[in-house]
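Below are the chains, spelled out letter by letter.
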Amino acid sequence: QQQVKQSPQSLIVQKGGISIINCAYENTAFDYFPWYQQFPGKGPALLIAIRPDVSEKKEGRFTISFNKSAKQFSLHIMDSQPGDSATYFCAPKDGEYGNKLVFGAGTILRVKS
Amino acid sequence: DVKVTQSSRYLVKRTGEKVFLECVQDMDHENMFWYRQDPGLGLRLIYFSYDVKMKEKGDIPEGYSVSREKKERFSLILESASTNQTSMYLCASTTGNYGYTFGSGTRLTVV
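Scoring rules and cut-offs
Residues numbered from 1 in each chain as written. Chains lettered and ligands numbered in written order. Predicted model: local features only at pLDDT ≥ 70, side-chain atom pairs only at ≥ 80, totals over all residues. Heavy atoms only, no water. Salt bridge = Lys/Arg side-chain N within 4 Å of Asp/Glu carboxyl O. Buried < 20%, exposed > 50% of the residue type's maximum accessible area, 1.4 Å probe, protein only. Helix = DSSP H or I, 4+ residues; strand = E, 2+ residues; numbered from the N terminus. Pairing = 2+ DSSP bridges. Core = buried A, V, L, I, M, F, W, Y, C linked by side-chain atoms within 4.5 Å. Contact = heavy atoms within 4.5 Å. 1 Å grid on protein atoms, 1.4 Å probe; cavity = no way out; pocket = protein on both sides within 12 Å on 5 of 7 lines; lining within 4 Å. Points joined across faces, edges and corners; volume = space filled by probe spheres on them. Buried area = accessible area lost by both parts, 1.4 Å probe. Polar contact = N/O pair within 3.5 Å; in protein donor to acceptor, adjacent residues only side chain to side chain.

1. Re the pattern of salt bridges
Residue and element names in this part refer to chain B.
Then step 1. Summed over all chains, the structure comprises ten salt bridges over all chains.
Then step 2. Note that Asp 38 is salt-bridged to Arg 36, the shortest N-O span being 2.9 Å.
Then step 3. Judged by its relative accessible area of 12%, Asp 38 is buried.
Then step 4. Here Glu 69 and Lys 53 are joined by a salt bridge, their closest N and O atoms 2.4 Å apart. One end of the pair, Glu 69, is in strand β7 (residues 64–70); the other, Lys 53, is in the loop between β5 (42–49) and β6 (56–57), and 16 residues separate them in sequence.
Then step 5. The class for Lys 53 is exposed, based on a relative accessible area of 57%.
Then step 6. Overlapping salt bridges, with partners in common, bring together Arg 36, Asp 38 and Arg 44 in one network.

If you want it as structure tokens, here you go:
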């Protein structure tokens, strides 16, 4: 079964705009909620993450919003830049099973200059 | 600079060959993982290891095996490569607390 549903599949945003990517999950054993960023030819890299005891975390232009009751979390990229063009993955961690990350299908973001 | 190094960026193998993908990390991490990445499917976990000589099946272990003889090295083995194993393979390691460090990946083509 699909434990993590990520949307949208792709996103085109104008430079300076806000990019929003959503992730919905089912597994209540998830205990850590990161977003990974991947550029072509590279492995994913941790971008920002949140623990379930807070509802929002901001790092520079990147913000995670977390809604535990709805089992959803989202990534907001403010003032989006062409250098933000990449694939983004939500990847909540299963705290009950080997600390494994369960990846969403990914969102391809393109920021137009 | 801490690293996860995958030995090959690109590999082309024939159907039926035994294929070895190597991964080495220099961060003294206990946990290591092998994922495959396919368009529209995200990353799917093949196998992981939380200690030397220990291994656990992930979500899609069929057709694969792994070896972890030393803490820093985690190998993925395709026993008899098939065309449906053509994919990008990513290795990752972590202390288990939170963040993963990924290698740059090996793009395997089976012909």
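2. What about the pairing of strand β2 (residues 10–14) of chain A?
Residue and element names in this part refer to chain A.
Then step 1. Only one face of β2 is buried, namely the one carrying Leu 11 and Val 13, since none of Ser 10, Ile 12 and Gln 14 on the opposite face is buried.
Then step 2. The pairing of β2 with strand β12 (residues 107–112) spans five bridges and is classified as parallel. When the bridges of β12 are listed, Leu 11 appears paired with Leu 109.

3. Some details on the nonpolar core
Then step 1. Within the largest apolar cluster, 24 residues are counted, with the highest numbers of intra-cluster contacts made by Phe33(A), Trp35(A), Ile48(A), Phe73(A), Leu75(A), Tyr88(A) and Leu109(A).
Then step 2. Counting only elements with at least two residues in this core, the list comes to β2, β3 (19–25), β4 (30–38), β5 (45–50), β7 (62–67), β8 (72–77), β9 (86–90) and β12 of chain A.
Then step 3. For Ile48(A), the contacting residues outside a window of four places in its chain are Phe33(A), Pro34(A), Trp35(A), Lys57(A), Lys58(A), Glu59(A), Phe62(A), Thr63(A), Ile64(A) and Leu75(A).
Then step 4. By size, the runner-up hydrophobic cluster in this structure holds 21 residues, among which are Val19(B), Met32(B), Tyr64(B) and Val110(B).

4. A few points about the layout of surface pockets
Then step 1. Quantified by volume, the largest pocket comes out at close to 440 Å³.
Then step 2. Lining of the largest pocket is provided by 20 residues; of these, Gln38(A), Thr87(A), Phe89(A), Gln37(B) and Pro39(B) occupy positions nearest its centre.
Then step 3. Of all the secondary structure elements, the ones that give two or more residues to the lining of the largest pocket are β9 and β12 of chain A together with β4 (31–38) and β9 (87–94) of chain B.

5. A few points about the environment of Leu11(B)
All names here are of chain B.
Then step 1. On the secondary structure map, Leu 11 appears in strand β2 (residues 10–13).
Then step 2. Along the chain, Leu 11 and Leu 21 lie ten residues apart, while their C-alpha atoms are 9.3 Å from each other.
Then step 3. Other than its neighbours up to four places away in sequence, Leu 11 contacts Val 19, Phe 20, Leu 21, Thr 106, Arg 107, Leu 108 and Thr 109.

6. As for the interface of chain A and chain B
Then step 1. Taken residue by residue, the interface counts 19 residues in chain A and 21 residues in chain B.
Then step 2. Note on chain A versus chain B: buried area summed over both sides is about 1700 Å², and carbon and sulfur give 54% of it.
Then step 3. Lys100(A) is the partner of Asp59(B) in a salt bridge, and the nearest nitrogen-oxygen pair spans 3.0 Å.
Then step 4. At the junction of chain A with chain B, the criterion picks out six residue pairs in polar contact (both at pLDDT 80 or more).

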